[in-house]
Amino acid sequence: MSSITADPSILSSKRAIYVGGLAEGVNSQILRAAMIPFGNIKSLDIPMNYSEGKHRGFGFVEFEDAEDATEAIFNMDGADLMGRTISVDMAQANQLSKLSNTRTQAIWSSDEWFQQHASGEMTAEEKEKRNQQQKDQVELRN
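Residues numbered from 1 in each chain as written. Predicted model: local features only at pLDDT ≥ 70, side-chain atom pairs only at ≥ 80, totals over all residues. Heavy atoms only, no water.

(A) Geometry of the environment of Gln 29. You can see Gln 29 is positioned in helix 2 (residues 28-35). On the accessibility criterion, Gln 29 (56% relative accessible area) is exposed. On a C-alpha basis, the gap between Gln 29 and Leu 44 in space is 9.5 Å, while along the polypeptide they are 15 residues apart. (Helix = DSSP H or I, 4+ residues; strand = E, 2+ residues; numbered from the N terminus. Buried < 20%, exposed > 50% of the residue type's maximum accessible area, 1.4 Å probe, protein only.)

(B) How the structure looks around the pattern of salt bridges. Inspection of the entire model under this criterion finds three salt bridges. A salt bridge links Arg 15 to Glu 62, with the shortest nitrogen-to-oxygen separation between them at 2.8 Å. Here Arg 15 is found in the loop between helix 1 (8-12) and strand 1 (16-20), whereas its partner Glu 62 is found in strand 5 (residues 58-63), with 47 residues between them in sequence. With respect to burial, Arg 15 and Glu 62 carry one shared label: buried. Across the pair Lys 54 and Glu 52 runs a salt bridge whose closest N-O atoms are separated by 4.0 Å. Look at the salt bridges and you will find they share partners, linking Glu 24, Glu 52 and Lys 54 into a network. (Salt bridge = Lys/Arg side-chain N within 4 Å of Asp/Glu carboxyl O.)

(C) Representation of the environment of Ala 72 within the structure. Along the polypeptide, Ala 72 turns up in helix 3 (residues 66-76). For Ala 72, a relative accessible area of 0% translates into the label buried. In the structure, Ala 72 is positioned 34 residues away from Phe 38 in sequence and 5.7 Å away in space, judged by C-alpha atoms. Beyond its immediate chain neighbours, meaning those up to four positions away, Ala 72 contacts Ile 17, Met 35, Phe 38, Phe 63, Asp 77 and Val 88. (Contact = heavy atoms within 4.5 Å.)

See below:
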């Protein structure tokens with residue numbers, strides 16, 4: 001199963017939809033069951049907030065046909081799913097930014113990061129920044 005968020009051509013094909021306002025109890029099986037009446041689903045993605053152990057309240061569904069995505073939007077936008085009104089619309093590139101923290105690559109993918117951090121030593125600037133952060137934390141506690 002391909003990831004909706006990994007392939008920008010999926011967005012231009014008009015087969016991917018954004019589903020917002022998901023209740024905490026909604027999982028991929030429930031979302032799939034809600035969307036399958038409109039057509040064959042190629043992939044489904046519900047981004048997780050791993051620090052809290054639950055999903056982030058939205059998901060993406062990719063249909064095999066663009067017409068199926070349009071039907072799902074027409075029929076499900078404003079519908080009730082597990083006690084919550086959901087919003088359903090065509091997925092857009094700016095919605096994908098909700099999945100990342102503005103990084104498109106891992107921080108260790110460049111040699112520069114390794115050179116700075118592999119030795120375990122901090123630069124003078126990093127030490128100063130850390131000291132300032134510690135001072136700020138002490139002031140906030142007082």
